[in-house]
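This is what each chain is made of:
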Amino acid sequence: MKQNVKLLLVILAGALSFLGCVKTLTTDTTLTADFNGEVKIAADSITLDCDGHVITGSGSGNGIKLVSRTGVTIMNCEVTNFDDGIQVNGSNNNVFTNNVTHNNVQEGFDIENSDQNTFTTNTSRDNGVSGFSIASSTSNTFTSNLVHNNTQEGFNIDDSNNNTFTENTSRDNTRDGFDLGDSDDNDFIGNVVTGNATNGIELDSCNANTLSGNVVSNNLNHGFSLDLSTGNTLDGNTSNDNIDIGFRIKTNSNNNTISNNNANGNGDNDAEQDNGLTNTFCGNTFGTVDNDVPAGYANPC
């Protein structure tokens, strides 16, 4: 009997090792080895430094999870094979830097109801849905992140306002590079968006956003697409060699300013807008436009 019990314990230990477990952190932690299982951040103002080690799951759960946390730093972690790689829920004023999330079932980074966080030099690739999913979150900063080869969007941004996206690269995703819905007053500055299977940057029911200095190219639909979006500013962007249209303004998108942009080599026109829309075009360099783009689109602003 003792031998049977001992054997059962050995089998159970092996099963737990295979399935992984939950590591709960309440103090500063530096990983010294790879870890199989979920990591739960259970205290404020602590740092998790994975030091390049890999956190691996079994296809469910969250690799690193922050719920109602503040002042936390997550750095140098590689997170793979979870439902979501890194989940941030109801958490404010945290820092995420130099992490890699890949081959997760849904999102690389899942950010919900979270404000004033900083995401810098992270990579999110080959995830089953989006690289970054951002919902109902405000005043976050995304800088120099690389997002590519995700099954849906690179950045999926919904009902999120006053965020700043600077010098990120979103490429080769199966849908849009940046997909915004019902999101206002965001800034997109100097991002590179290329090779995505639908649009480079799409705004749907979005108002008062500013897009400047972005380079959008070789996307399989439009470079920039505005739908039901009002009062946005697109200034100093480049939209070249997209399969369809460089700048597409449609469906009740009025009072937008499209200024000082360059677009050439797009498959249909470099700029188009629906008949009857009222938008300001000035200072642009476009190769071809449709008849509903104002004749003075190139005039100085």
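Above this text is the structure in question.
Bear in mind the structure is a predicted one, so any value in this text is a computation, not a measurement. (Residues numbered from 1 in each chain as written. Predicted model: local features only at pLDDT ≥ 70, side-chain atom pairs only at ≥ 80, totals over all residues. Heavy atoms only, no water.)

Caption draft 1: Inspection of the overall build of the chain at higher detail. Summing up its helical and strand segments, the chain has 1 helix and 35 strands in all. Taken along its principal axes, the extent of the C-alpha atoms in the chain is 90 × 35 × 30 Å. The proportion of buried residues among the 301 residues of the chain is 46%. Within the chain, counting contacts between residues at least 6 apart in sequence, those at least 24 apart form 35% of the total. Counting every atom, the chain has about 12,200 Å² of accessible surface; 46% of that belongs to carbon and sulfur. Between the averaged position of the 11 positive side-chain charges in the chain and that of its 37 negative side-chain charges there is a distance of 19 Å. (Helix = DSSP H or I, 4+ residues; strand = E, 2+ residues; numbered from the N terminus. Buried < 20%, exposed > 50% of the residue type's maximum accessible area, 1.4 Å probe, protein only. Contact = heavy atoms within 4.5 Å. Areas by Shrake-Rupley, 256 points an atom, 1.4 Å probe, with all protein chains shown as cover. Lys, Arg positive; Asp, Glu negative; His and termini not counted. Charge placed at Lys NZ, Arg CZ, Asp CG, Glu CD.)

Caption draft 2: Spotlight on the state of the cysteines. Enumeration according to the criterion identifies 2 disulfides in this entry. Two residues share a disulfide in this structure: Cys-50 and Cys-77, whose sulfurs sit 2.0 Å from each other. Between Cys-50 and Cys-77, the disulfide has an S-S torsion of 80° and is therefore right-handed. With Cys-50 in the loop between strand S4 (47-49) and strand S5 (54-56) and Cys-77 in the loop between strand S7 (73-75) and strand S8 (78-80), this residue pair connects regions lying 27 residues apart in the sequence. Judged by its relative accessible area of 0%, Cys-50 is buried. Cys-77 gets classed as buried once you look at its relative accessible area, which sits at 1%. Between the sulfur of Cys-282 and that of Cys-301 lies a disulfide, 2.0 Å long from S to S. In this structure the cystine formed by Cys-282 and Cys-301 twists about its S-S bond by roughly 100°; its chirality is therefore right-handed. Taken together, the residues Cys-282 in strand S34 (residues 280-282) and Cys-301 in the segment after strand S35 (285-286) connect sequence positions 19 residues apart. Its relative accessible area of 11% is what places Cys-282 among the buried residues. Sequence-ordered numbering of the bonded cysteines in the chain yields a pairing of 1-2, 3-4. Free of any disulfide, Cys-21 has its nearest neighbouring cysteine sulfur in Cys-50, separated by 14 Å. (Disulfide = S-S within 2.5 Å.)

Caption draft 3: Local environment of the packing of aromatic side chains. Under the defined criterion, the tally for this structure stands at 17 aromatic pairs. Taking 5.7 Å as the distance between ring centres and 90° as the angle between the ring planes, the aromatic pair formed by Phe-132 and Phe-142 counts as edge-to-face. With a gap of 10 residues between them, Phe-132 in strand S15 (residues 132-135) and Phe-142 in strand S16 (residues 141-143) connect regions that are remote in the sequence. When sorted by exposure, Phe-132 lands in the same class as Phe-142, which is buried. When the centroid spacing of 5.5 Å and the interplanar angle of 20° are considered together, the rings of Phe-286 and Tyr-297 count as stacked. (Phe/Tyr/Trp six-rings, centres within 6.5 Å; stacked < 30°, edge-to-face > 60°.)

Caption draft 4: How the structure looks around the pairing of strand S9 (residues 84-89). Across the 6 residues that make up S9, a large majority, 5, are buried. With 5 bridges connecting them, strand S6 (residues 62-67) and S9 associate as parallel partners. Note that in S9 the partner of Asn-62 across the bridge is Asp-84. Relative to strand S12 (residues 109-112), S9 runs parallel, the two sharing 4 bridges. Note that in S12 the partner of Gln-87 across the bridge is Asp-110. (Pairing = 2+ DSSP bridges.)

Caption draft 5: Local environment of the environment of Asp-244. By secondary structure assignment, the location of Asp-244 is in the loop between strand S29 (238-240) and strand S30 (247-250). Note: C-alpha distance between Asp-244 and Ser-45 (199 residues apart in sequence) is 48 Å. Leave out the neighbours within four places in its chain, and Asp-244 touches Asn-221, His-222, Asn-266, Gly-267, Asp-268 and Asn-269.

Caption draft 6: Looking closely at the pattern of salt bridges. Counted under the stated rule, the structure contains 4 salt bridges. Ionic pairing is found between Asp-274 and Arg-248, a salt bridge with its closest N-O pair at 2.9 Å. Residue Asp-274 is located in the loop between strand S33 (271-273) and S34, and its partner Arg-248 is located in strand S30; the two are separated by 26 residues in the primary sequence. Look at Asp-274 and you get partly exposed, because its relative accessible area is 24%. (Salt bridge = Lys/Arg side-chain N within 4 Å of Asp/Glu carboxyl O.)

Caption draft 7: How the structure looks around the sheet that holds strand S2 (residues 29-30). Strands sit in the order S2-S4-S7-S10-S13-S16-S19-S22-S25-S28-S31-S34 across an open sheet of 12 strands; the sheet is parallel. The strands lining the two open edges of the sheet, one partner per strand, are S2 and S34. Bridge count for S4 against S7 is 3 bridges, and the pairing is parallel. Residue Asp-49 lies in a different strand from S7, and its bridge partner there is Met-75.

On their own, these measurements won't tell you what the molecule is for.
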